[in-house]
Amino acid sequence: MSVLIAFLSLAVESALGYPDWLFRAIGHPVTWFGRLISFLDRRLNRATDPDALRRQRGVQALLVIVLVPALIGLCVQILLWFIPLGLFITALLATSFLSQRSLYEHVEAVADALDSGGLDMGRAAVSRIVGRDPETLDRAGVCRAAIESLAENFSDGIVAPAFWTGVGGLAGGAAYKAANTADSMIGHRTPRHEAFGWAAARFDDWINLPASRLTALLIALAAFLVKGADPRNAWAAVRRDAKKHRSPNAGWPEAAMAGALGLALAGPRSYGGVTVDDAFMGEGGRREAESIDIRRALKLYRVADYLLIALFGLVSLLAILAF
């Protein structure tokens, strides 16, 4: 029933988002995971320890970060199985692992800010969804940053948690979300987290491999259904450029989105005053993106998301018929 839970959670979250009443009642799992990660970081990650020990303790911390939410998720799902409507309550809880509506709204806000308030408001809006230095971005840079964020977060904020929920139910979804949160908090190559966060960063790379490939495929397929998008160029960009990205996963959805829209995404970017000389995704495409390109990307994302929901619905139906 894990695939059915994933399907129902996708359908509900797409329509309603994460319900406000549920947030008021129980908060959000990401904030819970964040507290656990911060606690372990403070207790186990000591600057005076040698890197080998800090790496070992990072592995230990990752085990706690992944296994505790997974066990809690498993226990909750087992308990709900024996009550009326337990399956639907389980799916409702699993919506907390997804961000379909919020991702759309945050990226749309960038296009709206650019159109209504100009570059300064666009920079302010995009700074809420990307980590790069917003003051270094011109109008085209703001647009590219929003589209890149849309592509990457479609993979690790929607497809990946849905995939792992489909594999392991609440336990799988919780374990994935906890690991992904750990990567975002401690998986950075900084003096404090280079060693301690090594395991979190490598584990996040591994668990996102299936979703990043599936996301690229969904975007390429969606391009067949979106006017003006180019599915062949999307897949050509994936095959040519995805492997050039510094991330083993981010290049797949970014290249697919770039190729479908005829843009050149990624490339050199500034983070905390440091320029990262990344490869271009969709090399040869336009760099002069505009707010209309953000809106085209959102159409492509929405269709790709519908395809994802349909895929999980089909697999759920086949599983029900098989048993």
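Since we're looking at a predicted model, the values are computed, not measured. (Residues numbered from 1 in each chain as written. Predicted model: local features only at pLDDT ≥ 70, side-chain atom pairs only at ≥ 80, totals over all residues. Heavy atoms only, no water.)

(A) Just the overall build of the chain, in detail. Each helix and strand counted, the chain has 13 helices and two strands in total. Seen through its C-alpha atoms, the chain measures out along the principal axes to roughly 55 × 55 × 35 Å. A fraction of 71% describes how many contacts in the chain between residues 6 or more apart in sequence connect residues 24 or more apart. Only carbon and sulfur atoms are counted for the fraction: they give 64% of the accessible area of the chain, which is about 15,100 Å². Side chains of the chain give 33 positive and 30 negative charges; the mean places of these two sets differ by 3 Å. (Helix = DSSP H or I, 4+ residues; strand = E, 2+ residues; numbered from the N terminus. Contact = heavy atoms within 4.5 Å. Areas by Shrake-Rupley, 256 points an atom, 1.4 Å probe, with all protein chains shown as cover. Lys, Arg positive; Asp, Glu negative; His and termini not counted. Charge placed at Lys NZ, Arg CZ, Asp CG, Glu CD.)

(B) Broad picture of the side chain of S9. With respect to the element layout, S9 can be found in helix 1 (residues 2–16). Within the local environment of S9, its side chain forms a polar contact with the backbone oxygen of A6, the two atoms lying 2.8 Å apart. Ignoring sequence-local partners within four residues, the contact set of S9 consists of A91, A94, T95, L98 and Q100. (Polar contact = N/O pair within 3.5 Å; in protein donor to acceptor, adjacent residues only side chain to side chain.)

(C) Structural context of helix 6 (residues 100–117). In a regular helix each residue adds 1.5 Å, so 18 residues correspond to 26 Å; helix 6 covers 26 Å between its end C-alpha atoms and thus fits that length. For helix 6, the set of buried residues is Q100, L103, Y104, V107, V110, A111, A113 and L114. Residues of helix 6 that are buried in the fold lie against helix 1, helix 7 (119–126), helix 8 (139–186) and helix 13 (291–322). Note on helix 6: the residue one or two positions beyond its end, G118, has a positive phi of about 85°. (Expected span 1.5 Å × (residues − 1). Buried < 20%, exposed > 50% of the residue type's maximum accessible area, 1.4 Å probe, protein only.)

(D) Representation of the packing of aromatic side chains in the model. This model, assessed by the stated rule, comprises five aromatic pairs. Their ring planes at 90° and their centres at 5.2 Å tell us that F154 and Y301 sit as a pair that is edge-to-face. Placement of F154 in helix 8 and of Y301 in helix 13 is noted, with a sequence separation of 147 residues between them. Note on F154: relative accessible area 0%, which makes it buried. Overall, Y301 belongs to the buried group, its relative accessible area being 3%. (Phe/Tyr/Trp six-rings, centres within 6.5 Å; stacked < 30°, edge-to-face > 60°.)

(E) Geometry of the pattern of salt bridges. Per the counting criterion, the structure on display carries 16 salt bridges. With a shortest N-O distance of 3.5 Å, E283 and K244 are connected by a salt bridge. With a gap of 39 residues between them, E283 in the loop between strand 2 (274–281) and helix 13 and K244 in the loop between helix 11 (231–241) and helix 12 (251–261) connect regions that are remote in the sequence. Among the ionic contacts, a cluster of salt bridges with common partners joins D112, D115, R139, E290 and R295. (Salt bridge = Lys/Arg side-chain N within 4 Å of Asp/Glu carboxyl O.)

(F) A look at the nonpolar core. Among the nonpolar cores identified, the biggest contains 86 residues, and F154, M257, I294, L300 and L308 are the most heavily contacted of them. Excluding residues within four positions of it along the chain, L308 makes contact with L10, F154, I158, V159, L214 and L218. (Core = buried A, V, L, I, M, F, W, Y, C linked by side-chain atoms within 4.5 Å.)

(G) Structural view of the packing of helix 6 against helix 13. Where helix 6 contacts helix 13, the axes come no closer than 9 Å and their chain directions differ by 170°. Classed by the angle they form, the pair helix 6 and helix 13 counts as roughly antiparallel. The chirality of how helix 6 crosses helix 13 is left-handed. Seen from helix 6, the contacting residues are Q100, L103, Y104, V107, E108, V110, A111, D112, L114 and D115; seen from helix 13, they are S291, I294, R295, L298, Y301, R302, D305 and I309. Taken together, the residues of the contact of helix 6 with helix 13 break down into ten nonpolar, two polar and six charged. (Axes fitted to C-alpha atoms, helices over the stretch in contact; angles between N-to-C directions. Parallel < 35°, antiparallel > 145°, perpendicular 65-115°, else oblique. Left-handed = near helix turned anticlockwise from the far one by under 90°. Nonpolar A, V, L, I, M, F, W, Y, C, P; charged D, E, K, R; others polar.)

(H) The packing of helix 10 (residues 209–222) against helix 13, seen in detail. Contact geometry for helix 10 and helix 13: axes closest at 8 Å, N-to-C directions at 115°. For the pair helix 10 and helix 13, the crossing hand works out as right-handed. Counting all contacts with helix 10, which are made through L214, L218, I219, L221 and A222, the residues of helix 13 involved are L300, V303, A304, L307, L308 and L311.

(I) Layout of helix 10. The first and last C-alpha atoms of helix 10 sit 20 Å apart over 14 residues, in line with the 20 Å expected at 1.5 Å per residue. Residues of helix 10 that are buried include every one of A211, S212, L214, T215, A216, L218, I219, A220 and A222, and no others. Those residues of helix 10 hidden inside the fold are in contact with helix 8, helix 11, helix 12 and helix 13.

These figures capture arrangement, not role.
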